[in-house]
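The residues making up each chain are set out below.
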Amino acid sequence: MNARKLFLPLLVALGCVALAALPTWGVAATHKHRSAKHPEAPLRIESIKVASKAGPLVLAVRANVHATVALTVNGKKVRHPFESINENVKQIDLRSTDGLRAGSNKLRLRSTRAGAVSTATRNVRVPGWALLANAGSDTATYVDTHTAVGTPPLPGAAPGGVDYSWRVVQKPRGANASLVDDGEPQPLLRADDPGTYVLQEEANPSTPGEPTAYDQVNVPVAADVPPSGLTLNTDKDNAISIGGQSYGKVSDDRIGYAIVERTTGVVVKSGDVGLDMTGIAALSTLADKYGAGDGSTNFMHYLMILSGGTGQSPGTAIAFAGVMKKIGVALPSPETILAFNGRNRFSIVGIPGGPPDSATTRIPGGLEGAANSDAITGYLQRNEAVNAQGAQVYEYVSGENPEFDTKAAGSTGSTNVMTVDGKKFEASLPPGVTAGFHLVVLNSMTLQPIDNVGLSTNGSDGTDLGLQGPAANRFAQSTRTPGTPLVLVQSIGKPKAAGPVWETFVRQITRLGGNPQVMNALNGTAEYAFVGRAGSTAPPAESTTAYDKGPYPAPNLPPAHLIGVLARSRTSNFVPNVYSTPTSERPGGLVNIGLMHVAYQPPTAWPELAPGANRDEVEKAAHYICTKLNFCQPAASCDSVRECFWKKYDSDWGAKHADIIDLEYPGDSKGFTSAIFIAVKSELKEETGEVAQVHTWLAKLLAPLEQSSGSSYVDLQSIGNKVWESVQRPAADNSTSWILGLVSKVIAVGRIAPPPASNVAAGLSGIFGLASYLSDKSGQPILGAQIKVKSSELANQLYARVQLARETTTALGMLITSDYGKLTTTYSHLDADWSPPTAAEADRALSIGAKQWFYEALIPTAYPYLIRASGVTNARALNCTFGDGNRRSWPNQPDQEQMNVATGYDTSGNPVTSDFFFTQGVGGGASPPASLGDEMFRPLEAKEPGLGIEKLQFFTARVFNGSIAHASYNYN
């Protein structure tokens, strides 16, 4: 019998025999060596500018845009990051506050990319006078707001004194800006127009002969737009609509375009071009100009929005593909390129200079879309602080969160009901059929149905094999619909494999990103549910009641049933975002779908203060109350209490609410009557109280993230030591590992935990779900991302994910408090169905989830080979030979690190089993200790609780870097 090879080319040939009473087999085993896919070139310092007009020291290094570069100055870690100025060069501006000192300075650089590390050092002399100017950190602000820049002078830096002067050296064309106290070290900037302003500080020592020091600071000034962002419709009334303004002409023979500055949301250029080679060449020139063309000024600082055009010729389609590549589109399939010849328009929101997959595309027609779906709608929204200055940048957010439920109300033992975006899909098994699957296939861009069918797999009259052939073929045919369909599967009853034809089901689920071991484990005792998109890099949602029949007690798993939300990926196709399995205690699952809907519900205007009253008096009363709350001040403030809800989100709103309650009518001299004051105060008091309650609720969600950071770090260090001490340490700098989503682990832990621990999963599902829309610095999506990192940096990656959740919690609060409808809707749920967890119980759920996540990342680094050996039930039964004929055993594999499961079925329906185990390799590699597996796989509810990692989910290609080393056996 020849077992099927999985995934890998033949790299290492071994001859193995099974020991004891087992028959003799001939074996060829294959292994995939794990190394960085894109090894980083040696780090190189490109240039060092000392005492230039840009600042005391400007350092540029050659490092890819995807690389992370860290810097220490005289042993002090520089906290602000390098900024990519093109695909291969990064730059950083250094000041005295970064550790620079007069005289010699030692710079240490370390670049990391895909597990490869490169270092460089340099000693640089900086004159003392160059450090007198310190313009401070780049600061983002809003129009019509006085914003302080600069830093206090260093005490005693210049004994004779220093004269300071500031000026605006760069601003948007036609913009107005003024500097207050421009002769002081810390002036105030007020800009009347959005855009990026560059201010330059000069420091002139009073001592004759001393040179002038310079430094610069960037100030992105955003329009006064609430956190919900600028509305976007790429084809509204035949134009690109951004924030209600129209740009360019969108038509069948014209391509409209708009260039948007990411830090401010300002449209810096717009128009349209003809659908011909001349027009496409003009777009290519724009992509170059607003990409890497002007170095640090432009690289990845802009969005380029394109819309329109149908019926392209093959020549223009090829030329336009070049434009798409320049703005971050992963070039679409040939079928989609051919769709340009069709009747539909297209839309793209890209990043000039961005890497592949950093653009959002909507290219309907042909095989990947449907008519009338060419417009991209949603928001341009300031999200995670992703640029080098820490300023929030605008990114496209869909705002669509269609719900799915694979086993909705109305489902029975023979009928299943699914719901997707409010649409109902139903399928029933015919009489005499006891089990099967409900299969729903949808267009992943439009959610239009492609197939909805019940597939019979088992009958009461012994016809299983006859049923499974047609069912498997229909399953394969439907899921292979041209394009990238969204596939939903729910078992009806408990399907049981009947023979080799079951492999068709397994092959298709594996192609869709599902777990083949789980599909093969459906032996008439388990259920199954799946939601995923063909061709997606995002992991699917998968649920099962199947489990490894190992040494541990049977887990009490909830029914296989998935409930959650979908989100649009970069390509505009819907993929599962956050999801969970409902339980009897939590029939709605652990996903806070309502929170995600609130975030993107249509905006609602604030109600009128004191309706029917004199508007001038109302405004005076509202302004008076605002000043009494210490807002509406001349510098760095906001213009109304409602605006301060989000602009001054970090204020103590509980105290502000109390201050409003205590306010008394100041008398007629302020220009408003007592009745108007009472009416205005009453409304603002209610709203401020609701804002305070939202703060309290989000703070309780945030508390576990704050509390877990320190304790989890100790836990993770302990796990790291256990794993690393069990092996002869591999070359850590080149070892990489796939990290699975932390939030999925926390939700899984919450699924088996009672409230309040389970509440953290529900709360975090919404937080992480909203965070998943954000992009990292290079513009790549976080949604569904798997991060490949060096094993020694796993803890840092954990911190990054937790920090992202923290930042998203604050951003969500700003979003909720910026809109009346979002505020009142959220308030109605607080302490009702959105009860927060206690910090202690939530910390436990987070800690367990983090440990599971860490093990899944670290084990494949220390033990890089996942082996599937057919015909044996224990790895200790194997002897293997190299080509020289020297026989060597596999390292002793403890039972805790093994799993024996069905990997196929013979013609009689009997399972063909294989033994899975992870190892360093044959011939000298150490085996993992039994204690390691015992801690990982022992159930959470055991007398001595383990981590409850399920082997069926762990022994998969997804965990082990996409690789399973497979042995093929032949009789001698």
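That block above? That's the structure.
The shown structure was predicted, so the numbers you read here are calculated from the model rather than taken from an experiment.

(A) Highlighting the overall build of the protein chain. Helix and strand counts for the protein chain come out as 18 helices and 45 strands. The buried share of the protein chain, reckoned over its 972 residues, is 56%. Accessible surface computed for the protein chain: about 37,700 Å², of which carbon and sulfur atoms make up 50%.

(B) Quick look at the pattern of salt bridges. Applying the stated criterion to the full structure yields 20 salt bridges. Residues participating in the shared-partner salt-bridge network are Arg44, Glu46 and Arg62.

(C) Structural view of the environment of Val149. Turning to its location among the elements, Val149 is positioned in the loop between β12 (147-148) and β13 (162-170). The exposure class assigned to Val149 is buried, which follows from its relative accessible area of 2%. Residues Val149 and Gly136, spaced 13 residues apart in sequence, show a C-alpha to C-alpha distance of 6.5 Å. For Val149, the contacting residues outside a window of four places in its chain are Ala135, Trp166, Pro185, Gln186, Pro187, Leu199 and Val219.

(D) Main features of the state of the cysteines. Counting across every chain of the model gives 2 disulfides. Paired through a disulfide, Cys626 and Cys632 show a sulfur-sulfur distance of 2.0 Å. As the torsion about the S-S bond is roughly 90°, the Cys626-Cys632 disulfide counts as right-handed. A disulfide bridge connects Cys638 with Cys644, and the sulfur atoms are separated by 1.8 Å.

(E) Examining the packing of aromatic side chains more closely. As enumerated under the stated definition, the model contains 25 aromatic pairs in all. Pairing Tyr142 with Trp646 gives two aromatic rings, centres 5.7 Å apart and planes at 85°, and the pair type is edge-to-face. Of this pair, Tyr142 sits in strand β11 (residues 141-142) while Trp646 sits in helix α9 (residues 641-647), placing them 504 residues apart in sequence. Classification of Tyr142 as buried rests on a relative accessible area of 18%. Under the relative-accessibility criterion, Trp646 is labelled buried at 5%. Through a chain of ring-to-ring contacts, the aromatic side chains of Tyr863, Phe918, Phe937, Phe954, Phe955 and Phe960 assemble into a single cluster. For Lys951, the ring lying beneath its charged end belongs to Phe937, and the centroid distance is 5.1 Å.

(F) Broad picture of helix α15 (residues 820-829). Every buried residue belonging to α15 is among Gly821, Lys822, Leu823 and Thr826, and all of these are buried. With a side-chain oxygen positioned 3.0 Å from the backbone nitrogen of Gly821, the residue opening α15 is Asp819. Backbone geometry just downstream of α15 places Asp831 in the positive-phi region, at approximately 60°.

(G) Region of interest: the environment of Gly265. Mapped onto the elements, Gly265 comes out in the loop between β21 (254-261) and β22 (267-274). The spacing of Gly265 and Ala223 is 42 residues in sequence and 7.3 Å in space, taken between C-alpha atoms. If sequence neighbours within four positions are ignored, Gly265 has contacts with Leu230, Val260 and Tyr394.

(H) Structural context of the sheet that holds strand β14 (residues 177-180). Here 3 strands make up an open sheet; going across it, the order is β12-β15-β14 and the pairing antiparallel. Because the sheet does not close on itself, it has two edges, and the strands there are β12 and β14. Bridging between β14 and strand β15 (residues 188-191) involves 4 bridges; their strand directions are antiparallel. In the strand pairing of β15, Ala177 is matched with Ala191.

(I) Just the sheet that holds strand β16 (residues 195-205), in detail. Reading across from one edge, β11-β17-β16-β13 is the order of the 4 strands in this open sheet, with mixed pairing throughout. The strands lining the two open edges of the sheet, one partner per strand, are β11 and β13. One ladder, built from 8 bridges, connects β13 with β16; its direction is antiparallel. Residue pairing for β16: Val168 is matched across the bridge by Leu199.

Here is what the cut-offs are and how they apply
- Residues numbered from 1 in each chain as written.
- Predicted model: local features only at pLDDT ≥ 70, side-chain atom pairs only at ≥ 80, totals over all residues.
- Heavy atoms only, no water.
- Helix = DSSP H or I, 4+ residues; strand = E, 2+ residues; numbered from the N terminus.
- Buried < 20%, exposed > 50% of the residue type's maximum accessible area, 1.4 Å probe, protein only.
- Areas by Shrake-Rupley, 256 points an atom, 1.4 Å probe, with all protein chains shown as cover.
- Salt bridge = Lys/Arg side-chain N within 4 Å of Asp/Glu carboxyl O.
- Contact = heavy atoms within 4.5 Å.
- Disulfide = S-S within 2.5 Å.
- Phe/Tyr/Trp six-rings, centres within 6.5 Å; stacked < 30°, edge-to-face > 60°.
- Lys NZ or Arg CZ within 6 Å of the ring centre and 35° of its normal.
- Polar contact = N/O pair within 3.5 Å; in protein donor to acceptor, adjacent residues only side chain to side chain.
- Pairing = 2+ DSSP bridges.

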